[in-house]
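Residue-level structural notes
Next come the chains, spelled out residue by residue.
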Amino acid sequence: FLCGCGATGRLSLSIEIFCRMGVLPCPDAERVVAFMAGGDLALIKAIETFEDHPEYGARQLEELGFADGDLLIATTEGGETPFVIGATERAAELSANRPWFLYCNPDEQLIKVAERSKRVIQNRKIRKLNLAVGAMAVAGSTRMQASTVLMAAIGFAFMHMRDPEQAPAEVLQLLRHVAHCDGQFMVPFIEHEAAVYERGAFVLYESGRFGITVVTDTTERAPTFSLAPFEKQDDPAAPAAWCHFIMPEQPDARSAWKALLHRDPRTLEWPDVKHLAGAEVLACYDFSAQLTGRREISTQNAEHLLFRIGGGAGEMVWEFDGLRERLDLSGVHEFHAHLLLKMLINIHSTLVMGRLGRYLDNLMTYVKPSNNKLIDRAVRYVCLLAQRRTGKMPAYKKVTQVLFEEREKLQPGEAIVLKTLAALGLTV
């Protein structure tokens, strides 16, 4: 079993899908079960506040049939996510096979600031793997360095489950692939996609071979930069996402979900959350061939440009509105190809958003304060920007009060951090 929340939930699902695709070796892919906070729908649509509930993590784990002898690999970039901790502690109670807990913050910091993290770190029934990577390139955006190293660690373990001593060699191999790939080819793609959004047009990302990696990046742009998420197709008032994932060879939503996941979707039919994460809701999030016509209507025939990422064996091909680049992947393991694409497309989308002013300095000023962790993050960024510009650190409590006031008035496309700074009498 693999679990996570947000970006780590998506990487957990990716590992299961890689096993089902044959990208990662696995004697029986049916015995690899991944879940994330909010169920499979959360892959493309954030389920608000779900990660704040440890009992939800334990409940999802149990309902999927976790039992004695089973192994849980739990991932949380920060090491403090309540949902993941709840699942991990329950796994330690249910199975003599001690669960793994993977995270990217130093132990001493976690023990100092989060009692729940201290509890896990000091629990001898839980195995810990600290993969601290230091500060994020864009502060708070753990979808890049942190989630990449977590995915690599788990994937390399799968690749060498029979001979673990060989796993470290995969790190050096990945470094060679990265060094060989000159990311400068992305410059025209970055400039062109940013220009598309500036003129009010839209982008549809298409990929079969790299579907889960591409949909992960396009999904994560919404919470990271406060963009409209993939729209619910039965809601005519839902704003269209700037970019959307599509599988045009699939005739309807159900077949598209199954083609992406390589299995039937798993939803949450709990009475208190089924209206957020149940099967009926999931069916309304469509990325099949039907998406094109629906978006043409909802966007009043605005321009939609296709961005394809694919290619055959030994290559990766990017194609976007006349731009084309072929990357030579001769001899590259398919899991490494996905890791390389993850890094490239994360860089690409981050720089597209940078050209559109969706972060300031290296702070996520457009962070969406939808749960306790993100509220705290937004408050700290306001405090940090205020200190940088005035030399004085404002009171955390005061900033929190103002942020909650501004959140009630926030309009689509506005940055909560900048609005709170302005309310405090500061400009940037």
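Above this text is the structure in question.
Rules used throughout
- Residues numbered from 1 in each chain as written.
- Predicted model: local features only at pLDDT ≥ 70, side-chain atom pairs only at ≥ 80, totals over all residues.
- Heavy atoms only, no water.
- Core = buried A, V, L, I, M, F, W, Y, C linked by side-chain atoms within 4.5 Å.
- Buried < 20%, exposed > 50% of the residue type's maximum accessible area, 1.4 Å probe, protein only.
- Helix = DSSP H or I, 4+ residues; strand = E, 2+ residues; numbered from the N terminus.
- Axes fitted to C-alpha atoms, helices over the stretch in contact; angles between N-to-C directions.
- Parallel < 35°, antiparallel > 145°, perpendicular 65-115°, else oblique.
- Left-handed = near helix turned anticlockwise from the far one by under 90°.
- Contact = heavy atoms within 4.5 Å.
- Nonpolar A, V, L, I, M, F, W, Y, C, P; charged D, E, K, R; others polar.
- Pairing = 2+ DSSP bridges.
- Salt bridge = Lys/Arg side-chain N within 4 Å of Asp/Glu carboxyl O.

We now examine the nonpolar core. Judged by nonpolar contacts, the single largest core of 111 residues is most densely connected at Leu72, Ile309, Trp318 and Phe335. Sort the elements by how many residues they give to this core and helix H14 (residues 334-355) lands first, with 9 residues. Formed by 20 residues, the second largest nonpolar core is a distinct cluster that contains Val138, Leu374, Tyr381 and Leu403.

Okay, the packing of helix H8 (residues 187-198) against H14 next. Packing of H8 against H14 brings their axes to within 9 Å, and their N-to-C directions diverge by 50 degrees. Taken as axis vectors, H8 and H14 run oblique relative to one another. Crossing of H8 over H14 shows right-handed handedness. In this structure, H8 contributes Phe189, Ile190, Glu191, Glu193, Ala194, Tyr197 and Glu198 to the contact, and H14 contributes His348, Leu351, Val352, Met353 and Arg355. Its residues assigned to classes, the contact of H8 with H14 shows 7 nonpolar, 1 polar and 4 charged.

What follows concerns the sheet that holds strand S4 (residues 100-103). Strand order in this open sheet of 5 strands is S2-S1-S3-S4-S5, and the pairing throughout is parallel. With one partner strand each, in any of the chains shown, strand S2 (34-36) and strand S5 (127-130) form the two edges of the open sheet. On average, each strand axis in the sheet is tilted by 20 degrees relative to the strand beside it, whichever way the strands run. Both strand S3 (residues 73-76) and S4 contribute to a ladder of 4 bridges, which runs parallel. Directly across from Thr75, in S4, lies its bridge partner Leu102.

Looking now at the pairing of strand S8 (residues 304-310). The sheet contact formed by strand S6 (residues 202-206) and S8 spans 5 bridges and is parallel. Bridging across to S8, Phe202 finds its partner in His304. By the bridge criterion, 4 bridges tie S8 to strand S9 (residues 315-320) in an arrangement that is antiparallel. Each bridged residue has a counterpart across the sheet, and for Phe307 the counterpart in S9 is Phe320.

Quick look at the pattern of salt bridges now. Under the counting rule described, the total for this entry stands at 29 salt bridges. Here Arg263 ties to Asp40 by a salt bridge, and the two come within 2.7 Å at their closest N and O atoms. Within this pair, whereas Arg263 is found in the loop between helix H10 (253-261) and helix H11 (274-277), its partner Asp40 is found in the loop between S2 and helix H2 (54-63), the two being separated by 223 residues in sequence. Using a relative accessible area of 7% as the deciding quantity, one classes Arg263 as buried. Overall, Asp40 belongs to the buried group, its relative accessible area being 2%. The partner of Arg199 in a salt bridge is Glu303, and the shortest N-O contact between them spans 3.2 Å. Taken together, the residues Arg199 in the loop between H8 and S6 and Glu303 in the loop between helix H13 (290-298) and S8 connect sequence positions 104 residues apart. Arg199 sits in the partly exposed class, given a relative accessible area of 46%. Under the relative-accessibility criterion, Glu303 is labelled partly exposed at 39%. Sharing partners across several salt bridges, the network here consists of Glu16, Arg20, Glu30, Asp40, Arg263 and Arg266.

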